[in-house]
Structure formats: structure tokens, C-alpha cells
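# A structural walkthrough
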Amino acid sequence: MSTSGDYDAVREDIKQLIPNKDLSKDGLGPIFVRLAWHASGTYDKNTKTGGSNGATMRFSLESSDAANNGLNIARDCLEPVKENHPWISYADLWTLAGVVAIKELGGPTVPWKSGRVDATDESLVPPNGRLPNAEEGEQHVRDVFYRMGFNDREIVALIGAHCLGRCHKDRSGYEGAWTLTPTKFNNQFYVQLLKKNWSTKELDNGLKQFKDENDRIMMLPADMAFRTDPEFRKIVEEYANDKETFFNDFAAAFGKLLELGVPRSSDTETVAC
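Quick look at the structure, then. If you're wondering where the values come from, they're calculated on a predicted model, not measured in any experiment.

## Observations regarding the overall build of the protein chain
Looking only at helices and strands, one finds 12 helices and seven strands in the protein chain. For 273 residues, the compact-globule estimate of 2.2 N^0.38 gives 19 Å, and the C-alpha radius of gyration of the protein chain, at 18 Å, lies within 12% of that figure. Considering only C-alpha atoms, the protein chain reaches an extent of 55 × 40 × 40 Å along its principal axes. The burial tally for the protein chain puts 54% of its 273 residues in the buried class. Pairs at least 24 apart in sequence give 71% of the contacts found in the protein chain among residues at least 6 apart. Each charge sign in the protein chain was given a centre, from 33 positive and 41 negative side chains, and these centres are 4 Å apart.

Here it is, written out as C-alpha cells:
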């Protein structure tokens, strides 16, 4: 058991989990990123509700949202870390796991601050349906991200996390990886989105996604908005050609995402992960 505030010890425990492929083909890194993302992406800037503070996905009202299917794997795998470091809140643990995973998989250093407090009941659970719907286009994407307080450039940067992991039919209904390197954080989501000739593929559950020429990788309907929308596409092209710019913009945008809904005092320490 670590000393209270020893975040280095927590990070080390998280790192040890990431290569584990017993529960996930790509290891646990991508699903840790998804957990941090979904725990934070419920924020509404107008009502100042939702966000990463509270770790409200511990309650069935939020965990049962279809957008969070499969995230019980990530939460359960982090339980031993919580038991080993009982002083850390779930809200800090989940967000820290995301930034540690990004770094371990070759991505940038995301700024992270501790200080999130876990909710004690369901009263702070945000309404279901605030997370992006993979079936929708650019207007829906903008509506969701503008609600959180992001601009177009930040939106395109954040969607670059689709370089990691894959969709599972028993979770999202979709199937397949976005890139040929789903365990490496890179700019390949943008490269493949622009490079490949995409065609529609209908799954046996009735959902439609997009496949490349050899049906090796896939894109979601919402992903294609970043190829077809002129403003989004300009930024996609920039990131496809400049990984360093993408890494810098992603680190800033993801750090901002993890801060949504977190009350802060001016002296809160920032920890590089």
C-alpha cells in the first residue's frame, strides 16, 4: 500500500496492467483511454453538470448507458490498483489511467491534475445520451463537442484517439480496428481516413460502417464526417502530415477533456504523466 499522494506508485501499477491481453486483444491501454474519455465527456458547459468529477459511472444509471458498454472491463481491472492505493479517488484513478495509457502506447504527455472527488450517490449522474453517437454526422458531432466547450480543432484532435483499439460487436455493435496499429498512439487515424477508398459495409445486426479495399480496417459513420466536412478535413490533412502538431494539440485537448466538471483552486498541482 502506497503513501497518500504517491501518484508515481499508482502510475506504475497502471503500467503493469496495460500489456494484459487476457480480456482485450489489444491489451488494456485503449480501453483505459476510452474509460477516461467517457467518464469526462458527459459535461454540459451550460448547466455545469457531468464531467470527470464524481466518477458517476460507478452507478448503474450511468454505467447502463449503451455508450458505456464494455467499460466494466476497464473499471474492474483497475480495482486492484484502487485497493492498493485506497487514498486515490476513482475519478482521479480513471482519468490517470487514460493518460498513463496514452504515454505507454507511444503518445504525448497529457497534463493531469489530482483532486477529483467521488460522488456518494446517483444525484450527480448526468442524463444518458450525452456521448457521441457513432451513427450520426458532422452536425451531431459538433453539437456534442460544442456542448462540452470544444472548438473544431480540438474536436478533430480528440477524434485522433481512434488510432487506438477497436470496436466490438457485443459492445458498440460495430466491429474492427481503425488502423493497422491499434496498440500504438500515432496519427494513423487521419492518414488512413484520407488514404483509403472507403465503401459501405452492412453488418449482420443491421448497422452500417465503412471498410477499406481489403476489409482490414474500418471507419464509423461519424468518423467519415471528418473526411467530408470541409472545415474538419483541413485539420485532418494537417494532422495526417504533421504528427508532432497532432500530439501537441491532442495533449492539450485531452487534458482539457479530463478537467471538465472539476472544481479547482488556483494552487492545484499539475502532474505530467
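## Let's talk about the sheet that holds strand β5 (residues 208-211)
Spatially, three strands are ordered β4-β5-β6 in an open sheet, and the strand pairing comes out antiparallel. Both edges of this open sheet fall to β4 (199-202) and β6 (218-219), since each of them pairs with a single strand only. Two elements, β5 and β6, share two bridges in a ladder whose sense is antiparallel. Of the residues in β6, the one forming a bridge with Lys-211 is Met-218.

## Some remarks on the packing of helix α2 (residues 29-40) against helix α12 (residues 243-259)
It is at 8 Å that the axes of α2 and α12 come closest, and there the two elements cross at 55°. Classified by the angle their axes make, α2 and α12 are oblique. The handedness of the crossing between α2 and α12 comes out as left-handed. Contacts between α2 and α12 involve Val-33, Ala-36, Trp-37 and Ser-40 on the former and, on the latter, Phe-254, Leu-257 and Leu-258. When its residues are assigned to classes, the contact of α2 with α12 shows six nonpolar, one polar and no charged.

Cut-off values and rules
Residues numbered from 1 in each chain as written. Predicted model: local features only at pLDDT ≥ 70, side-chain atom pairs only at ≥ 80, totals over all residues. Heavy atoms only, no water. Helix = DSSP H or I, 4+ residues; strand = E, 2+ residues; numbered from the N terminus. Rg over C-alpha atoms; globule rule 2.2 N^0.38 Å. Buried < 20%, exposed > 50% of the residue type's maximum accessible area, 1.4 Å probe, protein only. Contact = heavy atoms within 4.5 Å. Lys, Arg positive; Asp, Glu negative; His and termini not counted. Charge placed at Lys NZ, Arg CZ, Asp CG, Glu CD. Pairing = 2+ DSSP bridges. Axes fitted to C-alpha atoms, helices over the stretch in contact; angles between N-to-C directions. Parallel < 35°, antiparallel > 145°, perpendicular 65-115°, else oblique. Left-handed = near helix turned anticlockwise from the far one by under 90°. Nonpolar A, V, L, I, M, F, W, Y, C, P; charged D, E, K, R; others polar.

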